[in-house]
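As a plain string of letters, each chain reads:
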Amino acid sequence: MDDKKRRLRTDYPFFLTYRTRWSDNDQYGHVNNAIYYHLFDAIVNTYLIGQCGLDPTKSKHIGLVVSSFCEFFSPVAFPDVLDLGLRVSRIGTSSVTYEVGVFKSKASSEESNEAPDTACAVGGYTHVFVESTSRRSTQMSEQLRSNLMKLAKQSSPPAVSKL
């Protein structure tokens, strides 16, 4: 089984910085679990729009989330600054599974005495690409697939799915 708790920054080829907000915290004093899914959505769509040319409002094809996951290892809280790492763990002809590593920034880690290279959480989701009007599954464009392959796991080629 894949040990997500051992993920390091070097496992992720693309990063986005996120400054936590006071409203991200819950009554227990840490970032609420639902916020992590906002973070995953933010980094995935930042990459799709900026690197793959996807325009969610105009593109003929869009990605729909069909499954999601998150494993939590250590808490983060306002005012932490987070570094979100993105990679692709599985790719098919019409689907892709993203994995996001959530890391405290170096400055936030030094304040809490935590290792800055160790993930606080690892999660992500699977997109199935569909035609934007019919919502029928469709193959990814070569441009999209090529740019997603740049995020493939560094240590081994991504698993290929049939979707």
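Above this text sits the structure in question.
A quick note: this is a predicted structure, and the numbers were derived from the prediction, not measured. (Residues numbered from 1 in each chain as written. Predicted model: local features only at pLDDT ≥ 70, side-chain atom pairs only at ≥ 80, totals over all residues. Heavy atoms only, no water.)

Draft legend 1. How the structure looks around unusual backbone geometry. For the peptide bond that leads from Phe 78 to Pro 79, omega is 10°, which places it in the cis range. Residue placement: Pro 79 occurs in the loop between strand 2 (61-72) and strand 3 (81-91). In this structure, Arg 135 takes a positive phi of about 65° despite not being glycine. (Helix = DSSP H or I, 4+ residues; strand = E, 2+ residues; numbered from the N terminus.)

Draft legend 2. Expanded view of the environment of Tyr 98. Take Tyr 98: it is sitting in strand 4 (residues 95-104). A residue is classified by how much of its surface remains accessible, and Tyr 98, at 1% relative accessible area, is buried. C-alpha separation for the pair Tyr 98 and Arg 87, spaced eleven residues apart in sequence, amounts to 5.9 Å. When near neighbours in sequence (up to four residues on either side) are disregarded, Tyr 98 contacts Val 44, Leu 48, Phe 69, Leu 86, Arg 87, Val 88, Gly 123, Gly 124, Tyr 125, His 127, Phe 129 and Leu 148. Side-chain polar atoms of Tyr 98 contact the side chain of His 127, separated by 3.0 Å. (Buried < 20%, exposed > 50% of the residue type's maximum accessible area, 1.4 Å probe, protein only. Contact = heavy atoms within 4.5 Å. Polar contact = N/O pair within 3.5 Å; in protein donor to acceptor, adjacent residues only side chain to side chain.)

Draft legend 3. Spotlight on the side chain of Ser 59. Residue placement: Ser 59 occurs in the loop between helix 1 (33-52) and strand 2. Judged by relative accessible area, which is 15%, Ser 59 ranks as buried. Non-local contacts of Ser 59, meaning those with residues more than four positions away in its chain, are made with Leu 54 and Ser 132.

Draft legend 4. Quick peek at the environment of Ser 146. Structurally, Ser 146 is set in helix 3 (residues 142-149). Remark: the alpha-carbon pair of Ser 146 and Cys 52, spanning 94 residues in sequence, is separated by 8.6 Å.

Draft legend 5. Representation of the nonpolar core. Counting 32 residues, the largest nonpolar core has Tyr 36, Leu 48, Leu 84, Leu 86, Val 96, Tyr 98 and Leu 148 as the members making the most contacts within it. Listed by contribution, the elements that provide at least two residues to this core are strand 1 (14-19), helix 1, strand 3, strand 4, strand 5 (121-131) and helix 3. When sequence neighbours within four positions are dropped, the list of residues in contact with Leu 148 reads Tyr 47, Leu 48, Val 88, Ile 91, Val 96, Tyr 98 and Met 140. (Core = buried A, V, L, I, M, F, W, Y, C linked by side-chain atoms within 4.5 Å.)

Draft legend 6. Quick peek at the pattern of salt bridges. The final tally for this structure, using the stated rule, is eight salt bridges. Between Asp 117 and Arg 9 there is a salt bridge, with the nearest N and O atoms lying 3.3 Å from each other. Highlighted residues: Asp 117 in the loop between helix 2 (106-112) and strand 5 and Arg 9 in the segment before strand 1, separated in sequence by 108 residues. In this structure Asp 117 comes out as partly exposed when scored by relative accessible area, which is 42%. In this structure Arg 9 comes out as buried when scored by relative accessible area, which is 17%. (Salt bridge = Lys/Arg side-chain N within 4 Å of Asp/Glu carboxyl O.)

None of this, on its own, says anything about what the molecule does.
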